[in-house]
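Structural overview for review
Residue-level listing of the chains:
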Amino acid sequence: MTYKIRPHHGMCFSFFQGKGYSSAFTENMQIMKEKLEKDPEVILLCGADDVCACCPGCLSGRCTETNTGLPSDKAERYDRQVLARCGLSEGARMRWKDFAASVQEHILLPGKREEICGDCQWNALCTKPYRLPRHKTLPTSTPSPSGGQPSLFPHI
């Protein structure tokens, strides 16, 4: 199975705490997290994806501001920045763990997340310094700064 994933969701999953726009969205986010932990193929899209399917702000496949219902390009801006920093292109297909490792290496570990999505309404959930747990490893050759083994979902 191949899942459609917005590139910025590669950051969101690292900080997901069971909170979201609605109970349906949060439940879907948890289900998607569990599916992605099995390392399926993903296709990176700068538009509605399998996570957005239950977002109350996703109308006709487009993001809107949840409080006004007006169209918003914020998520697409986040997506394009993630792709650029990871050296990837829209439409790229890869294993989830390879994508998550790229997000960790190029954005989260160097502390660049807030430069991309600091204006997100969920920013407060993601402000703790990003650290890798000692019991997991990245699926790349990048060593953990602590000498331990990082997780693809360290804050969950």
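This section reports on the structure supplied with the text. No experiment lies behind these values; they were computed from the predicted model shown.

What counts and what doesn't
Residues numbered from 1 in each chain as written. Predicted model: local features only at pLDDT ≥ 70, side-chain atom pairs only at ≥ 80, totals over all residues. Heavy atoms only, no water. Pairing = 2+ DSSP bridges. Helix = DSSP H or I, 4+ residues; strand = E, 2+ residues; numbered from the N terminus. Axes fitted to C-alpha atoms, helices over the stretch in contact; angles between N-to-C directions. Contact = heavy atoms within 4.5 Å. Phe/Tyr/Trp six-rings, centres within 6.5 Å; stacked < 30°, edge-to-face > 60°. Buried < 20%, exposed > 50% of the residue type's maximum accessible area, 1.4 Å probe, protein only.

Digging into the sheet that holds strand β2 (residues 41-44)
One open sheet holds the 3 strands; their spatial order is β1-β2-β5, and the pairing between them is mixed. Either end of the sheet is taken by a strand with one partner, and the two such strands are β1 (2-5) and β5 (93-95). The mean angle between the axes of side-by-side strands here comes to 35°, regardless of whether they run parallel or antiparallel. Pairing geometry for β2 and β5, over 3 bridges, is antiparallel. Counted as the bridge partner of Glu 41 is Arg 95 from β5. Where helix α4 (residues 96-108) meets the sheet, its contacts fall on β1, β2 and β5, and the angle it forms with β5 comes to roughly 90°.

What about the packing of aromatic side chains?
Summed over all chains, the structure comprises 4 aromatic pairs. Aromatic pair Tyr 21 and Phe 25: ring centres 5.0 Å apart, planes at 75°, arrangement edge-to-face. Residue Phe 25 is classed as buried on the basis of its relative accessible area, which comes to 8%. With 5.4 Å between their ring centres and 85° between their planes, Tyr 21 and Trp 122 make a pair best called edge-to-face. Here the residue Tyr 21 occupies a position in the loop between α1 (9-15) and α2 (23-36), and Trp 122 occupies one in the segment after α5 (113-117), the gap between them amounting to 101 residues.

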